[in-house]
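Coordinate inspection notes
So the chains spell out like this:
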Amino acid sequence: MALKCGIVGLPNVGKSTLFNCISSGKAQSANFPFCTIEPNIGSTIVPDERLQILEKIVKPARVVPATVEIVDIAGLVKGASKGEGLGNQFLANIRETDAILHVLRCFDDPNIVHVDGSVNPVRDKEIIDTELQLKDLETIENRIGKVQKQAQTGGDKTAKKLYEILLRYRDVLIQGKSARTVTFDNAEDAKLVKELFLLTNKPVMYVCNVDENSAKDGNAYVEQVRKAVQEENAQILVIAAKIESEIAELESYEERQMFIEEIGLQESGVVRLIKSAYALLNLETFLTAGPQEVRAWTYNKGDKAPQAAGVIHSDFEKGFIRAEVIKFDDYVKYGSEAACRTAGKLGIEGKDYVVQDGDIMHFLFNV
């Protein structure tokens, strides 16, 4: 399962620059609105030091890291929910993503125009929030019109439940709040909610794009953002996209790491962003290791062994028998699967085993 993140924001806040940092693609980046029209799509690997360690031990034919798909979406403006600018296209593209990386301009530069004439990240955030909320409200109103009569006069329990959910969403959206502020306790409701594909129900990370001097500790603009989102339970990441783009151009790992340390950081903003995106979506990684391949697989935190097996192939889940599990630290300590087995460090787990991040797994199945 590849994670798909959409980079959004007003024009000229640094979306395409950030995209170029974290993606193998090269989006056009220019000092005018709507430079990005078609969504640029690229991918990048998920940083995982464990793969390099296993590669040295196992010496496989290949190493396959997990990947993240990044979509750089056209800049949004006021009125996008009604089709202004490239609004309709923007909203269609964002609907297909798993999470939103909302880039906010938190730097001053007289040479880079701002679509609204001044730098104010909280105002910029509210513009996009409002447009997404308005589009979701339109979606909700349309669905209410379709199910209201059936829910109120028929005996369809699903329609009645959906109608109640739609009313809850309409109430919060009218108040200027996002759909993600509504919570549900049972799986049935959660499934109905997911099928609505609401834009403001997606997990969001606010990416504060700062100047080089603010890369380590942020600045006054970042503090304004922190205060504005403190009730949202959202993640905030501070990143200097321009500097990150320069780091990404360096050839060697040593050069990149030296540059990172010079600006007071331990790891690049790109690495922090990918790791934070995984945390945002409650994703973790299990590993497979053998002479042909060492590989990282992405699964949902809390998944049990059959669901994790299904990430590799649906037949693995359907015909799941058991999983052989070695903890990463044990594999490193003993140096091989055979040595772990001899030392009693290979666990035989059934259908109720909850997979842990870093588990090295081998599945037995029968279809």
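Before any of the text, the structure's been laid out above.
What this report covers is the structure whose coordinates are included nearby. (Residues numbered from 1 in each chain as written. Predicted model: local features only at pLDDT ≥ 70, side-chain atom pairs only at ≥ 80, totals over all residues. Heavy atoms only, no water.)

**Observations concerning unusual backbone geometry**
At Asn 12, a position not held by glycine, the phi torsion is positive, near 65°. Locating Asn 12 in the fold gives a position in the loop between strand 1 (3-8) and helix 1 (15-22). (Helix = DSSP H or I, 4+ residues; strand = E, 2+ residues; numbered from the N terminus.)

**Quick word on the layout of surface pockets**
The space that makes up the second largest pocket amounts to roughly 790 Å³. In terms of lining, the second largest pocket is formed by 30 residues, of which the most central are Ile 45, Pro 47, Arg 256, Ser 268 and Val 271. Taken together, the elements giving at least two residues each to the lining of the second largest pocket come down to helix 1, strand 2 (40-45), helix 2 (49-58), helix 8 (241-249), helix 9 (253-262) and helix 10 (269-280). (1 Å grid on protein atoms, 1.4 Å probe; cavity = no way out; pocket = protein on both sides within 12 Å on 5 of 7 lines; lining within 4 Å. Points joined across faces, edges and corners; volume = space filled by probe spheres on them.)

**What to know about the pairing of strand 4 (residues 67-72)**
Regular strands show a simple pattern: their side chains alternate between the two faces of the sheet. By the bridge criterion, five bridges tie strand 1 to strand 4 in an arrangement that is parallel. Residue pairing for strand 4: Ile 7 is matched across the bridge by Asp 72. The pairing of strand 2 with strand 4 spans six bridges and is classified as antiparallel. Within strand 4, the residue paired with Asn 40 across the bridge is Asp 72. (Pairing = 2+ DSSP bridges.)

**Concerning the packing of aromatic side chains**
Within a pair of aromatic rings, the relevant descriptors are the distance that separates the centres and the angle that separates the planes. Scanning the model with the defined rule gives six aromatic pairs in all. An aromatic cluster is defined as three or more aromatic residues linked by ring pairs; in this entry it consists of Phe 286, Trp 297, Tyr 299, Phe 320 and Phe 363. Note that Arg 168 overlies the ring of Phe 184, its terminal NZ or CZ placed 4.8 Å from the centroid. Against the face of Trp 297 rests Arg 295, its NZ or CZ located 4.2 Å from the ring centre. (Phe/Tyr/Trp six-rings, centres within 6.5 Å; stacked < 30°, edge-to-face > 60°. Lys NZ or Arg CZ within 6 Å of the ring centre and 35° of its normal.)

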